[in-house]
Amino acid sequence: QGQFVESGGGLVQPGGSLRLSCAASGFTFRTYAMSWYRQAPGKERELVAAISVAGRISKYGDSVKGRFTISRDNVKNTVYLQMNSLKPEETAVYYCNAQLTLATGPTGDWGQGTEVTVSS
């Protein structure tokens, strides 16, 4: 359950920034933690960041700490990922999903994702 529409990806130069958005529907958004994942070509999907129900607690993958910021708007049912100082190895398709808590895994169907390409 849960549907997600990711947007905001594109081509960006190394060191650049992008802000991703994910519009969620089909469930009570404000009662679920939310997360961003990414999958690079030939690699497994990995957790990038997650945020608690009220947005007060967030966690990040080690490689993105200090550069990425996750946030959410419980009125718009949208979660965001601000990505700064992007690196070429972060080229991937980025997905969002819902989870019951910060400690649990994704519960919804995966959307199409939004593609991020970091290249000069």
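What comes next is a walk through the structure. All residue numbers refer to positions counted from 1 along the written sequence of the respective chain. Local features are withheld for residues below a pLDDT of 70 in this predicted model, meaning they are given only at 70 or higher, and side-chain atom pairs are given and counted only at 80 or more; totals for whole chains, interfaces and linings count all residues. For the side-chain quantities, the full set of heavy atoms in the structure was used; hydrogens and water were omitted.

**Overview of the overall build of the protein chain**
Part 1 of the reasoning: Comment: elements are numbered from the N terminus, with helices defined as DSSP H or I runs of at least four residues and strands as E runs of at least two. Summing up its helical and strand segments, the protein chain has 0 helices and 10 strands in all.
Part 2 of the reasoning: The globule rule used here is 2.2 Å times the number of residues to the 0.38 power, and the radius of gyration it is set against is calculated over C-alpha atoms. Since a compact globule built from 120 residues should have a radius of gyration of about 14 Å, the 13 Å found for the protein chain is in line with a globular shape.
Part 3 of the reasoning: With respect to the principal axes defined by its C-alpha atoms, the protein chain has extents near 40 × 25 × 25 Å.
Part 4 of the reasoning: By the burial criterion, 43% of the 120 residues in the protein chain qualify as buried.
Part 5 of the reasoning: Note on contacts: a residue pair qualifies if any of its non-hydrogen atoms lie within 4.5 Å across the two residues. When contacts within the protein chain are restricted to residue pairs at least 6 apart in sequence, those whose partners lie at least 24 apart make up 54%. Classification of residues uses two cut-offs on accessible area relative to the type maximum, computed with a 1.4 Å probe and protein chains only: under 20% is buried, over 50% is exposed, and between them is partly exposed.

**Observations regarding the sheet that holds strand 8 (residues 78-83)**
Part 1 of the reasoning: Two strands are said to pair when DSSP picks up at least two bridges between them. Read from one edge to the other, the open sheet built from 4 strands follows the order 1-3-8-7, with strand pairing classed as antiparallel. Both edges of this open sheet fall to strand 1 (3-7) and strand 7 (68-73), since each of them pairs with a single strand only. Within the sheet, the average angular offset between the axes of one strand and its neighbour, ignoring direction, is 20°.
Part 2 of the reasoning: Bridge count for strand 7 against strand 8 is 6 bridges, and the pairing is antiparallel. Directly across from threonine 69, in strand 8, lies its bridge partner glutamine 82. A fitted line through C-alpha atoms represents every axis, and for helices the fit uses only the stretch in contact; the resulting angles, taken between N-to-C directions, go from 0 to 180 degrees.

**A word on the nonpolar core**
Part 1 of the reasoning: Grouped together as the largest cluster of nonpolar side chains are 28 residues, with contacts concentrated most on Trp36, Val79, Leu81, Met83 and Tyr94.
Part 2 of the reasoning: When contributions to this core are tallied by element, the ones reaching two or more residues are strand 3 (18-25), strand 4 (33-39), strand 5 (46-51), strand 7, strand 8, strand 9 (92-99) and strand 10 (114-118). Joining through side-chain atoms within 4.5 Å is the link that ties buried Ala, Val, Leu, Ile, Met, Phe, Trp, Tyr and Cys residues into a set, and such a set is a nonpolar core.

**Regarding the sheet that holds strand 6 (residues 58-60)**
Part 1 of the reasoning: Sheet architecture is open: 6 strands sit in the order 2-10-9-4-5-6, paired in mixed fashion. Each end of this open sheet is capped by a strand with a single partner; those strands are strand 2 (10-12) and strand 6. Here the strands of the sheet are splayed against their neighbours by 25° on average, with no regard to which way each runs.
Part 2 of the reasoning: Across 3 bridges, strand 2 lies against strand 10 in parallel orientation.

**A few points about the state of the cysteines**
Part 1 of the reasoning: Any pair of cysteine sulfurs within 2.5 Å is marked as a disulfide. Under the criterion given, the structure shown has 1 disulfide.
Part 2 of the reasoning: Shown here is the disulfide that connects cysteine 22 with cysteine 96, its sulfur atoms set 1.7 Å apart. On the criterion of sequence distance, the pair formed by cysteine 22 in strand 3 and cysteine 96 in strand 9 is long-range, its members being 74 residues apart. Cysteine 96 matches cysteine 22 in its accessibility class, with the two residues each being buried.

**Some remarks on the side chain of arginine 72**
Part 1 of the reasoning: Within the fold, arginine 72 resides in strand 7.
Part 2 of the reasoning: Neither His nor the chain ends is counted toward charge; the positive residues are Lys and Arg and the negative residues Asp and Glu. For this document, the term salt bridge refers to a Lys or Arg side-chain nitrogen within 4 Å of an Asp or Glu carboxyl oxygen. It turns out arginine 72 is buried and unbridged, and the closest side chain with the opposite charge, aspartate 73, is 8.2 Å from it.
Part 3 of the reasoning: Only 2.8 Å separates the side chain of arginine 72 from the backbone oxygen of tyrosine 32, close enough to count as a polar contact.
Part 4 of the reasoning: Here a polar contact means two N or O atoms within 3.5 Å. Within protein one must be a hydrogen donor candidate and the other an acceptor candidate, and residues neighboring in sequence count only if both atoms are side-chain atoms. Only 3.3 Å separates the side chain of arginine 72 from the backbone oxygen of valine 53, close enough to count as a polar contact.
Part 5 of the reasoning: Residue contacts for arginine 72: discarding those within four places in its chain leaves Phe29, Arg30, Tyr32, Ala33, Met34, Ile51, Ser52, Val53, Gly55, Thr78, Val79 and Tyr80.

**Topic: the environment of leucine 18**
Part 1 of the reasoning: Locating leucine 18 in the fold gives a position in strand 3.
Part 2 of the reasoning: On the basis of relative accessibility, which here comes to 16%, the residue leucine 18 falls in the buried class.
Part 3 of the reasoning: Not counting the four nearest positions on each side in its chain, leucine 18 is found in contact with Gly8, Gly9, Gly10, Val12, Leu81, Gln82, Met83, Leu86 and Val116.

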